[in-house]
Amino acid sequence: MVRHLPTLSIAMSVTSLALLLAQPASAETVTLGIGTQDTTTNTVTAGVVIRQLHLLEKYLPKDGKYSNIKFELEWQNFTSGPPVTNAMMANKLQIGMMGDYPLIVNGFTFDSNPESKSRLIGIAAYSLSGSGNGIVVHKDSPYYDLADLKGKLVSVPFGSAAHGMVLKAMQDRGYSSDFFQLVSQSPEVGSTNLQEKKIDAHADFVPFAELLPFRGFARKIFDGVETNLPTFHGIVVRTDFAEKYPEVVVAYFKALIAANQWLRDNPKLAAEKIQEWTGINKEVVYIFLGPSGNMTTDPTVKPALIDAATADVKVLQNLGRMKEFDPKKWVDDSYIRKAYAEMKLDYDAQLGSTKNYEISGEDTFCKKPIADPRKAGEVWVDDAGILPFSSASCTLGAYADFKAKGKKINVAYVFDTTRGIKLFADQAFFAVGNGEVAPFLLKKDAEAYAAKISGKVLGFDDAVKAAVSGGKT
Amino acid sequence: MSSPAILRQSEDSSMPAALAEAGPAPAVTPPATPPSFGTLALRWYRLNQGRLRATAIGIISLLAFLLVWHLLTTYRVVFFVRFTNVPSPLAVYASFTKAIHDPKFLLHILLSCRRIFIGFSLAAIVGVPLGLIMGRFKLVHEIIFPIAEVLRPIPAIAWVPMAIMLWPTNEQSIVFITFLGSFFPILVNTLHGMSLVDPVLVRAAQCLGARERSIFREVYFPASLPHIFTGLTVGMGVAWVSLIAAEMISGQYGIGYFTWEAYSLVQYPDIALGMIAIGVLGLGSSVLIRGAGHLVMPWRSTR
């Protein structure tokens, strides 16, 4: 036994040496770093979904010049955009995703990088009306409108999409720059501070403006839709990588298209899986990414979004945070166009469309089909799934019915009557009267509408009772 | 203990004699003019030769550091470590000149200094006596030491959410984190100093009839002072280290916040400026503590 050992070890070292020598000739390993923001729900189809479903591996090129290249995927998760930019600058990441403001900062920062530039190559998700960002206050606070926050302490992560929303909202309303006491706090710090009532309001990006109310200590008093400036999360790539391996970037887009399809095929399952992967509650994921949700997952680079980016650049320039930067020159949609072409999809048709996928089907409570998805509602029943209803009053009626039958209900969704954004029913204000139940995000909108229909404003529980009794108060 | 007193007395007694001698003498030695500037300078130079040499070398090494940094960044050296996107000293200087004209920058620095001062003072006020008591009384040591050992390795940034919840205002939360940063080094070093006190000295004092209080004042405290000051110096350093984590809460002012904000807007020269400012302020506060140490322990300052 012992005598055989030396021969064996020599044989082994010879073979391993031979293997070592042979390696470079047979395969080259290229590391592709992708920076994701798992907790930022509207980037999940560009990040965590592709990773978990191994979609990129499926589409990576394997022939021609790639037959000898082995790609090693390195996924890194961050809670905000700037660290992604930092890692991309250091060439630790080649592809990254972030919100509109961090994206612009990314493009601008790369302008002074001698090795590589960055290009905006696609969109993870967008909201043309600017929903997703929002301002929340503590649920016990007496604030119901931005104007109530005059002179109050408001925190927002500086340099984020939410920061842009706050600045735009102030500009729209003609507030001076010291209208709020604006301070910079990351989502983690801001959330804790809000819970402890150490700040009066916190403005944040997806998903915090929905997540914090859902967790039960906050109330949203301002939604990005009021700024009416599109907001989006996009995908940037280092040009040195993209020029060397363009087929890989195309493969990434094929994976993204597949991920978006997976989401739309079964939004409930997707929301549950995304909760499992990212820790964001499925009910919150669904309000953004479900049908008629507040975010549209569409990878095409729409001109409206680039115009919004141009407006964002002006805001940053006015703050003295940026010099010259032209977003139009920074966009490169060649990779995504190629992916569409290779998958036999029509890029230009998708580019021209701003449709989201909408709630559809049959209302089983009021017994009629769903005609207008943005007037409809949904109830998430624990064992029966997510059921659509044709109107707010049908939704509340069905809710009461399920409750009476002793079913466990996760959450109910309705839509803001004028703005068309999806709301958690139990957080909404309802203008009830004249047989009508009209949900609103804002108390003042509900009051105005109630005055019009000579009804009154009710909270969720009273609105459910009113809906059961046929819309009378 | 009594020898200095005797010495002083003999000096005092010899003084009038010397004066008396010098009194009638001026006529004899007229060239008692003050020594020329040259000799004064020479004498001063001889006296301070060692210190001057250290200062000169220090300045040269700092300049060399700046030069190396400049060269590495201008030529964007990539040699395993990559300087491609590291801001050059000139870029940092440019953002410094911009910052120095901005009254906000001064406010950042002032507020940070105040937070460090309060947090550090509290840590010293609590940490030193606690260390002394823990060193003297075994029971106190046994009660507190395990808690301290568990809390000590927790990094400042992990304390951020707890600090927000614990204290009613943000300013208190920030001070609390800098307090934690400096508290443990001070406590541990004081304890260490106490454990090194020569038991012979304690027994001698006891034999001479000293009470507990006097033993504390005359033996334990002076004997552990050098270690206490080591603890204070280290504690001050860690207080600055924890500043960025602490000022993440502030959201408005502080040099740590300045650096953090520069990071979230990806402004590399400002990040470097913040880092250097923290470094310089840290150095300044260490010098202050060392100076205080020399004042309190004159018997050590000859070194």
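Residues numbered from 1 in each chain as written. Chains lettered and ligands numbered in written order. Predicted model: local features only at pLDDT ≥ 70, side-chain atom pairs only at ≥ 80, totals over all residues. Heavy atoms only, no water.

Taking an unreviewed UniProt entry as the reference, chain B is identified by name as ABC transporter permease belonging to Bradyrhizobium rifense. The UniProt entry for chain B carries the following comment under Function (unreviewed entry): "Probably part of an ABC transporter complex. Probably responsible for the translocation of the substrate across the membrane." Per UniProt, chain B carries the Sequence similarities (unreviewed entry) text "Belongs to the binding-protein-dependent transport system permease family." (UniProt positions renumbered as here; feature names shortened; annotations may be inferred.)

*Asks:* Would you mind showing me how to read the overall build of chain B here?
*Replies:* Assigned secondary structure in chain B consists of 13 helices and two strands. Classification of the 303 residues of chain B by burial places 36% in the buried group. Sequence-distant contacts in chain B: of pairs separated by 6 or more residues, those separated by 24 or more amount to 68%. Looking at chain B as shown, the accessible area adds up to about 18700 Å², and 73% of this sits on carbon and sulfur atoms. (Helix = DSSP H or I, 4+ residues; strand = E, 2+ residues; numbered from the N terminus. Buried < 20%, exposed > 50% of the residue type's maximum accessible area, 1.4 Å probe, protein only. Contact = heavy atoms within 4.5 Å. Areas by Shrake-Rupley, 256 points an atom, 1.4 Å probe, with all protein chains shown as cover.)

*Asks:* I keep staring at the state of the cysteines and nothing clicks. Help me out?
*Replies:* Disulfide: a covalent bond connecting the sulfur atoms of a pair of cysteines. All names here are of chain A. Scanning the model with the defined rule gives one disulfide over all chains in all. Across the disulfide from Cys-366 sits Cys-394; the S-S distance is 1.9 Å. In this structure, the disulfide formed by Cys-366 and Cys-394 twists by about -110° around the S-S bond and is classed as left-handed. With Cys-366 in the loop between β11 (362-363) and β12 (368-369) and Cys-394 in helix α17 (residues 392-404), this residue pair connects regions lying 28 residues apart in the sequence. (Disulfide = S-S within 2.5 Å.)

*Asks:* I would appreciate a short explanation of the nonpolar core in the present structure.
*Replies:* Proteins that are soluble and globular tend to have nonpolar side chains buried together. If you look at the biggest cluster of nonpolar residues, it comprises 129 residues, and the most contacted ones within it are Ile-135, Leu-149 and Phe-180 of chain A. In terms of residue count, helix α10 (residues 246-265) of chain A provides more of this core than any other element does, 13 residues in total. Other than its neighbours up to four places away in sequence, Leu-149 of chain A contacts Ile-135, Val-137, Tyr-143, Val-154, Phe-179, Phe-180, Asp-200, Ala-201 and Ile-221 of chain A. Phe-105, Val-128, Phe-184 and Ile-215 of chain B belong to the second-largest nonpolar core, a separate cluster that totals 58 residues. (Core = buried A, V, L, I, M, F, W, Y, C linked by side-chain atoms within 4.5 Å.)

*Asks:* Can you walk me through the UniProt feature "transmembrane region" (unreviewed entry) in chain B in this structure?
*Replies:* Here the UniProt feature "transmembrane region" (unreviewed entry) sits at residues 52-71, 116-137, 143-167, 174-192, 228-250 and 271-293 of chain B. Annotated as 100% helix and 0% strand, the span residues 52-71 of chain B places its first and last C-alpha atoms 28 Å apart.

*Asks:* Would you mind showing me how to read the pattern of salt bridges here?
*Replies:* Opposite charge on two side chains lets them pair, provided their charged atoms get close. Residue and element names in this part refer to chain A. Under the counting rule described, the total for this entry stands at 31 salt bridges over all chains. Arg-337 serves as the salt-bridge partner of Asp-348, at 3.4 Å between the closest nitrogen and oxygen. In this pair, Asp-348 sits in helix α16 (residues 347-352) while Arg-337 sits in helix α15 (residues 334-342), placing the two residues eleven residues apart along the sequence. Given the relative accessible area of 49%, Asp-348 is considered partly exposed. The class of Arg-337 is partly exposed, set by a relative accessible area of 30%. Three or more residues joined by partner-sharing salt bridges are found here, namely Asp-145, Arg-173, Glu-226 and Lys-444. (Salt bridge = Lys/Arg side-chain N within 4 Å of Asp/Glu carboxyl O.)

*Asks:* Just to check I follow, could you spell out the domain arrangement of chain B for this structure?
*Replies:* By a widely used convention, the size of an interface equals the accessible area lost when the partners come together. Residues and elements named next belong to chain B. Entries for chain B in the domain assignment read domain 1 (45-86) and domain 2 (88-296). The gap between the C-alpha centroids of domain 1 and domain 2 is 28 Å. Contacts between domain 1 and domain 2 engage six residues on the former and six residues on the latter. The junction of domain 1 with domain 2 conceals about 450 Å² of combined surface from both sides, 79% of it contributed by carbon and sulfur atoms. Contact with domain 2 buries area across many residues of domain 1, yet Trp-69, His-70 and Asn-85 alone supply 76% of it, more than any other trio. Our count for the domain 1 to domain 2 interface comes out at zero residue pairs in polar contact (both at pLDDT 80 or more). For the side of domain 1 that touches domain 2, a count of residues per class yields three nonpolar, three polar and no charged. (Domains from an automatic or database assignment. Buried area = accessible area lost by both parts, 1.4 Å probe. Polar contact = N/O pair within 3.5 Å; in protein donor to acceptor, adjacent residues only side chain to side chain. Nonpolar A, V, L, I, M, F, W, Y, C, P; charged D, E, K, R; others polar.)

*Asks:* How should I be thinking about the interface of chain A and chain B in this particular structure?
*Replies:* Chain A puts 28 residues into the contact, and the matching count from chain B is 27 residues. The junction of chain A with chain B conceals about 2300 Å² of combined surface from both sides, 52% of it contributed by carbon and sulfur atoms. On the chain A side of the contact with chain B, Val-189, Lys-198 and Arg-321 of chain A bury the most area, a combined 23% of that side's loss. One can count zero salt bridges joining chain A with chain B. Joining chain A to chain B, the criterion identifies eight residue pairs in polar contact (both at pLDDT 80 or more). Elements with a minimum of two residues in the side of chain A that touches chain B: α4 (81-89), α5 (100-110), β7 (181-184) and α7 (187-195) of chain A. It is α4 of chain A that provides the largest number of residues to the side of chain A that touches chain B, a total of five residues.

*Asks:* Could you clarify how one ought to interpret the UniProt feature "domain: ABC transmembrane type-1" (unreviewed entry) in chain B in this entry?
*Replies:* In the numbering adopted here, UniProt assigns the feature "domain: ABC transmembrane type-1" (unreviewed entry) to residues 109-289 of chain B. Secondary structure across residues 109-289 of chain B comprises 86% helix and 0% strand; the distance between its end C-alpha atoms is 19 Å.

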